[in-house]
Amino acid sequence: MDEHERSEGAPRPLNLAPGTPPVLTLSGICKYFPGVIANEDVSLDVFPGQIHALLGENGAGKSTLMNVVTGLYQPDGGEIIVDGYGVTFAAPDAAIAAGIGMVHQHFKLVSRFTVAENLHLGWSETPRRLSARQIEANARTLSEKFGLAIRPEAVVGTLSAGEQQRVEILRVLSRGARLLILDEPTAVLSPVEVGELFIALRRFRDGGGAVIIISHKLDEIMALTDRVSVLRHGRLVGTHLTASTTPALLVAEMIGRPVTLATSYPRGNEVPVTPSPLVLEEVTARDDGGIIRLEGVTLSLRAGEILGVAGVTGNGQPELAEVLTGLRAPDQGSVALDGVAVKQADPAVFARAGVGHVPEDRLRRALAPSLSVAENAVLREYAQAPIGGRFGFSIVRAREFAQLLADKVGVKLPGAMMPIRGLSGGNQQRLVLEREIRIASRVLVASYPSRGLDIGAIAAMREMLAKARDAGVAVVLMSEDLDEIFALSDRVAVLCAGRLMAVIDRCDADRDRIGALMSGRTQAEAA
Amino acid sequence: MSSSRTRLTVVPTQRILVGRGLALLAALLIVAVTLAAMGRSPITLFGLVMHSTVGSRFGLEDLALFMTPLMLTGAAVWVGIRVNLWNIGAEGQFYAGATAATAVGLFTGLPPALAIPAMIVAGMAAGMAWIFVPAVARAWLGVSEIVTTLLLNFVASLLVYYLATGPWADRVTGALASTERLHVILPDIWGVVHWGFPLAVFTVVVLGVLLARSRFGYETAIAGANPEAARYAGISVAPRVLAVLLLSGGLAGLAGMVEVAGTVHRLQGGIANNYGYLGIVVALLARGSCLSLIPAALLMAFILDTGIVLQTTQISASAVLAITGLLVLAIAVGDELAAYARVKKTS
Ligand SMILES: Nc1ncnc2c1ncn2[C@@H]1O[C@H](COP(=O)(O)OP(=O)(O)O)[C@@H](O)[C@H]1O
Ligand SMILES: [Mg+2]
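Predicted model only: the values in this text are computed from it and were never measured.

About the cut-offs
- Residues numbered from 1 in each chain as written.
- Chains lettered and ligands numbered in written order.
- Predicted model: local features only at pLDDT ≥ 70, side-chain atom pairs only at ≥ 80, totals over all residues.
- Heavy atoms only, no water.
- Near = heavy atom within 4 Å.
- Polar contact = N/O pair within 3.5 Å; in protein donor to acceptor, adjacent residues only side chain to side chain.
- Areas by Shrake-Rupley, 256 points an atom, 1.4 Å probe, with all protein chains shown as cover.
- Helix = DSSP H or I, 4+ residues; strand = E, 2+ residues; numbered from the N terminus.
- Buried < 20%, exposed > 50% of the residue type's maximum accessible area, 1.4 Å probe, protein only.
- Domains from an automatic or database assignment.
- Contact = heavy atoms within 4.5 Å.
- Buried area = accessible area lost by both parts, 1.4 Å probe.
- Core = buried A, V, L, I, M, F, W, Y, C linked by side-chain atoms within 4.5 Å.
- Pairing = 2+ DSSP bridges.
- Salt bridge = Lys/Arg side-chain N within 4 Å of Asp/Glu carboxyl O.
- 1 Å grid on protein atoms, 1.4 Å probe; cavity = no way out; pocket = protein on both sides within 12 Å on 5 of 7 lines; lining within 4 Å.
- Points joined across faces, edges and corners; volume = space filled by probe spheres on them.
- Nonpolar A, V, L, I, M, F, W, Y, C, P; charged D, E, K, R; others polar.
- Axes fitted to C-alpha atoms, helices over the stretch in contact; angles between N-to-C directions.
- Parallel < 35°, antiparallel > 145°, perpendicular 65-115°, else oblique.
- Left-handed = near helix turned anticlockwise from the far one by under 90°.

Asks: Explanation requested: the site of ligand 1 in the structure shown.
Replies: Around ligand 1, a shell composed of 16 residues is seen, among which Gly59(A), Gly61(A), Lys62(A), Ser63(A) and Thr64(A) lie nearest. One chain alone does not account for the residues near ligand 1; they come from chains A and B. In the environment of ligand 1, an oxygen atom lies 2.9 Å from a nitrogen or oxygen atom belonging to the backbone of Gly61(A). Side-chain polar atom of Thr64(A) to an oxygen atom of ligand 1: 2.5 Å apart, as the coordinates give it. Protein contacts shield 84% of the accessible area of ligand 1, which totals 560 Å² for the unbound molecule. Among the secondary structure elements, those contributing two or more residues to the shell around ligand 1 are strand S2 (36-46) and helix H1 (62-69) of chain A.

Asks: Would you mind going over unusual backbone geometry with me for this structure?
Replies: Across the chain, the bulk of peptide bonds are trans and the bulk of non-glycine residues have phi less than zero. The omega angle of the peptide bond from Ala385(A) to Pro386(A) is 0°, so this bond is cis rather than trans. With respect to the helices, strands and loops of the structure, Pro386(A) is situated in the loop between helix H12 (373-377) and helix H13 (395-409). Phi is positive for His265(B), which is not a glycine, with a value near 70°. With respect to the secondary-structure elements, His265(B) resides in the loop between helix H10 (237-264) and helix H11 (275-286). His265(B) gets classed as buried once you look at its relative accessible area, which sits at 12%.

Asks: Sorry, what's going on with the domain arrangement of chain A here?
Replies: Accessible area lost during the coming together of the parts is what is often quoted as the interface size. Residue and element names in this part refer to chain A. The assigned domain composition of chain A is domain 1 (1-14 + 21-99 + 180-192 + 212-258), domain 2 (108-177), domain 3 (278-363 + 431-526) and domain 4 (371-418). Put simply, the middle of domain 1 and the middle of domain 3, counted by C-alpha atoms, are 36 Å apart. At the junction of the two partners, domain 1 supplies 12 residues and domain 3 supplies 10 residues. Each partner contributes to the roughly 820 Å² buried at the junction of domain 1 and domain 3, and carbon and sulfur atoms together form 57% of this total. Considering only the surface of domain 1 that becomes buried against domain 3, Asn58, Ala187 and His216 emerge as the three largest contributors, covering 41% of it.

Asks: What's the story with the side chain of Ser43(A) in this structure? I'm lost.
Replies: Residue and element names in this part refer to chain A. Here Ser43 shows up in strand S2. Among the residues examined, Ser43 registers a relative accessible area of 2% and is labelled buried. Among the polar contacts listed, one links the side chain of Ser43 to the backbone nitrogen of Gly28, at a separation of 2.9 Å.

Asks: I'm lost on the nonpolar core in this one. Help?
Replies: Side chains of a nonpolar character, in soluble globular proteins, are inclined to be buried together. One finds Leu70(B), Trp78(B), Met257(B) and Leu293(B) to be the most contacted residues of the largest nonpolar core, which totals 62 residues. Listing elements by their share of this core, those giving two or more residues are helix H3 (57-82), helix H4 (90-107), helix H5 (112-141), helix H6 (145-165), helix H7 (196-213), H10, H11 and helix H12 (293-312) of chain B. Sorting elements by how many residues they give to this core places H3(B) first, with 11 residues. The next biggest cluster of nonpolar side chains, apart from the first, holds 56 residues, and it includes Tyr265(A), Ala368(A), Val378(A) and Ala416(A).

Asks: Just to check I follow, could you spell out the sheet that holds strand S15 (residues 340-341) of chain A for this structure?
Replies: Within a sheet, neighbouring strands are paired by backbone hydrogen bonds and run either parallel or antiparallel to one another. Residues and elements named next belong to chain A. If you walk across this open sheet you meet the four strands as S12-S11-S14-S15, and the pairing is antiparallel. Across the chains shown, the open sheet's two edge strands, defined by having one partner strand only, are strand S12 (292-300) and S15. As judged from the five bridges shared by strand S11 (residues 278-286) and strand S14 (residues 332-337), these two strands associate in the antiparallel manner. Bridge assignment links Glu281 to a residue of S14, and that residue is Ser334.

Asks: Help me understand the interface of chain B and chain A in this model?
Replies: Each side of the interface is counted separately: chain B has 29 residues, and chain A has 41 residues. Between chain B and chain A, a total of about 2,800 Å² is buried, with carbon and sulfur atoms accounting for 56% of that surface. When the buried area of chain B at its contact with chain A is split by residue, Arg215(B), Tyr218(B) and Tyr232(B) rank highest and sum to 30% of it. Where chain B packs against chain A, one counts two salt bridges. The salt bridge partner of Glu228(B) is Arg365(A), with a shortest N-O separation of 2.8 Å. Sorting the residues of the side of chain B that touches chain A by element identifies strand S1 (5-7), H7, helix H8 (215-225) and helix H9 (227-232) of chain B as the ones contributing at least two each.

Asks: What am I meant to see in the environment of Met518(A) here?
Replies: Residues and elements named next belong to chain A. For Met518, the location among the structural elements is in helix H17 (residues 511-518). Between the C-alpha atom of Met518 and that of Leu500, which follows or precedes it by 18 residues, the distance is 9.7 Å. For Met518, the contacting residues outside a window of four places in its chain are Ala310, Gly311, Val312, Leu482, Val494 and Cys496.

Asks: Could you clarify how one ought to interpret the layout of surface pockets in this entry?
Replies: One way to see where empty space is left: roll a probe the size of a water molecule over the atoms. Quantified by volume, the second largest pocket comes out at close to 2,000 Å³. As for the second largest pocket, its lining consists of 48 residues, and the residues nearest its centre are Trp78(B), Ala286(B), Arg287(B), Gly288(B) and Ser289(B). Among the elements of the structure, H13 of chain A together with helix H1 (13-37), H3, H7, H8, H11 and H12 of chain B are those that each provide at least two residues to the lining of the second largest pocket. By residue class, the composition of the lining of the second largest pocket is 31 nonpolar, 11 polar and six charged.

Asks: Would you mind showing me how to read the packing of H3(B) against H7(B) here?
Replies: Each pair of packed helices can be summarised by the angle the axes make with each other and by the distance between the axes. Residue and element names in this part refer to chain B. Close contact between H3 and H7 brings their axes to 8 Å; oriented N to C, the two are set at 20°. Comparing the axis directions of H3 and H7 gives the class roughly parallel. Where H3 crosses over H7, the two elements pack in a sense that is left-handed. Listed contacts from H7 to Ala64, Met67, Thr68, Met71, Leu72, Ala75, Trp78, Val79 and Arg82 of H3 are Gly196, Phe197, Ala200, Val201, Thr203, Val204, Leu207 and Leu211. Looking at the contact of H3 with H7 residue by residue, the class counts come to 13 nonpolar, three polar and one charged.

Asks: What am I meant to see in the side chain of Ser214(B) here?
Replies: Mapped onto the elements, Ser214(B) comes out in the loop between H7 and H8. One polar contact links the side chain of Ser214(B) to the main-chain carbonyl oxygen of Leu210(B), over a distance of 2.7 Å. Of the polar contacts made by the side chain of Ser214(B), one reaches the backbone nitrogen of Gly217(B); its length is 2.9 Å. Residues within four places of Ser214(B) in sequence aside, it is in contact with Phe391(A), Gly392(A) and Phe393(A).

So this is what it looks like as structure tokens:
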């Protein structure tokens, strides 16, 4: 036990009536996993009418701490105090009953049910005899009360991520939560949806509710929150009033040294003049539901160049990435890989030709969560020496390979045979990125690669992309963060409603013009 | 500090072993208490069971005979579960394998040196054939293999009854309950224990090594754990689903061949003796490890043998089922408890 800051030392909120007790006090919370200290001696206070940010690197223990607070895990030490009384939550229901509700990053709604049905599911106040009209009316009342716009009759499976999240929040609030915990809620939202979320959170705060929000986006934290606590390697480093700190200070506290994201990544060499590794010609593609998502897209990648793809989420980005990596066959139009027309979509052919892919949803697509880190690390190279061959496979070599990958990107592995789902999301992302960069000798398609990464990891990820570019790889970077696109791209492509609005050189692109194109105006109008 | 226990996501093998040992003891205790309450002496019965199983030459031979088919049906189910496929039809594939082996053994007139390999091939091929349609339906159409493989068990069972009492029935004895004795059988190596036993052990070991060390083993593990990730990595899932299910059917068919050619020597109704279903239990007991199929089959064989011994002392057959259920439950509880570990504070 050393001199690090205890909750008594942390500043009280400025505008709080003197004597107001905290809704939640954590005192010396510890949580251990085999070989990992997830939380140690964490003490903090959360006050009513306050939005409290929790900040920390990937794997710092933020999610674990919140899972302890909501009864998903039992603490190995320390005390949880709610309204002045020590409590133990055997399960999340108990936490809800005490007024603490959590919205997880992966939603837990029944996708075949309507919004109204989901809201009433497993709720003690649900009337015994149900009529669709009545619960929809109820849902509408709740929606107005908490200022969260929803469509009660819509089936949840058809909703966007932002809409589903609103349903989750409403579900928690309707059960009388006074403390709302959100784990990286903005990672899946478009900027407009983020704005709507923040309005609702402020409204909840102004009504006396308390919020704990986990986010890696410092500008969001500065704009939204009242206080901020920083975790590093499972320990609390400090709690501050947001108004009296700065992003740079927070980053330094979080990582242990100052980190700034570069605004440009000058290339180390000339752009090589080589034929395009991948060309799309008038490509039209449908999603699995048969809806047209890409229309008449013509695009030619250039070796040694980063092509940024800007666009509001849900305007054809996943389908574009899938067509570029052989996961989806175009309906019309053609794809040429190294000048040869591709007849059939086959990801194996693309991978062999040197096309790497960091997909949007890594757990669903790029990893087998229940298998070991070793097995996941070799997913792209298992058939090559020294790991395997035509028939063989060596788990020993796979383990060594995984360790190599982890060392390269600075991920501490408790063991290469642990299931990869035990790693924090950011560490999974780093491993996937390194794995893909290794095979991407011609093309690398990276969809939202900074999602869920902390700022240090984002800086490292950008360096990796720039290095791939310098090595002559054609990089496609999809991102919702225009700063990221401007910092890295040589050209910027804008997608809107499945159409490629324009492909502009970086030097001719500015925020207004890209913004106008993103909202569907043509290039002539935008110029 | 109230609670210092945590649930491990990966449980070390020693913990599982200790947990299961304690579970077995607990189950034995419950059985003993129940027997005592029924007015029987648990000590006497225990002595009897021990003598008739591990305590005598005949007992050991019996155990080995029970273990042989259980290792193979256990392996059949295990290769499926490993990749999230549930072959509930090992029973049916067992019948199919036994039938095909019988056909070779009765009607070809081959010399033993050729007939035995031919029976093995025929038995495995028949097992594969029996699972072929469910496997294709699962691989390309996504039809649940659980239902289709299960239903075919009843077809296979009735077919064997029909053959053994009808067209293939033994006209010599006139009993009309089974075929005549096979012309070629697996030679014995130790008492009544035949070559099927080392063959089964060998099969399990080879299977374990191959799946752990082969590209096929790796690719099927990925395809089973996350089909979407497999596709992303360029691994086509459907052919591998088919291959795994065919392998599963082949192993169950081999079990049928070994049983008819080594132990029973005739095809008769009910020859599968629930070995296909018990294979599911054996596979679940073995968890992730192929080699563990051997001790799991031993345990199951011990339970079956115990049942027979107890029946000879007028304890009802349902008591045996109850004991089996109790043991499986105790082991499941033991595994769960083994996952909870006390965590020492490290800093
Ligand atoms: N169920 C678990 N089993 C083992 N280790 C875990 C488990 N959950 C989290 N961890 C480990 O605990 C640490 C903290 O993880 P987490 O709380 O998810 O971090 P954060 O949310 O801050 O990114 C990481 O090192 C992670 O690998
Ligand atoms: Mg987290």
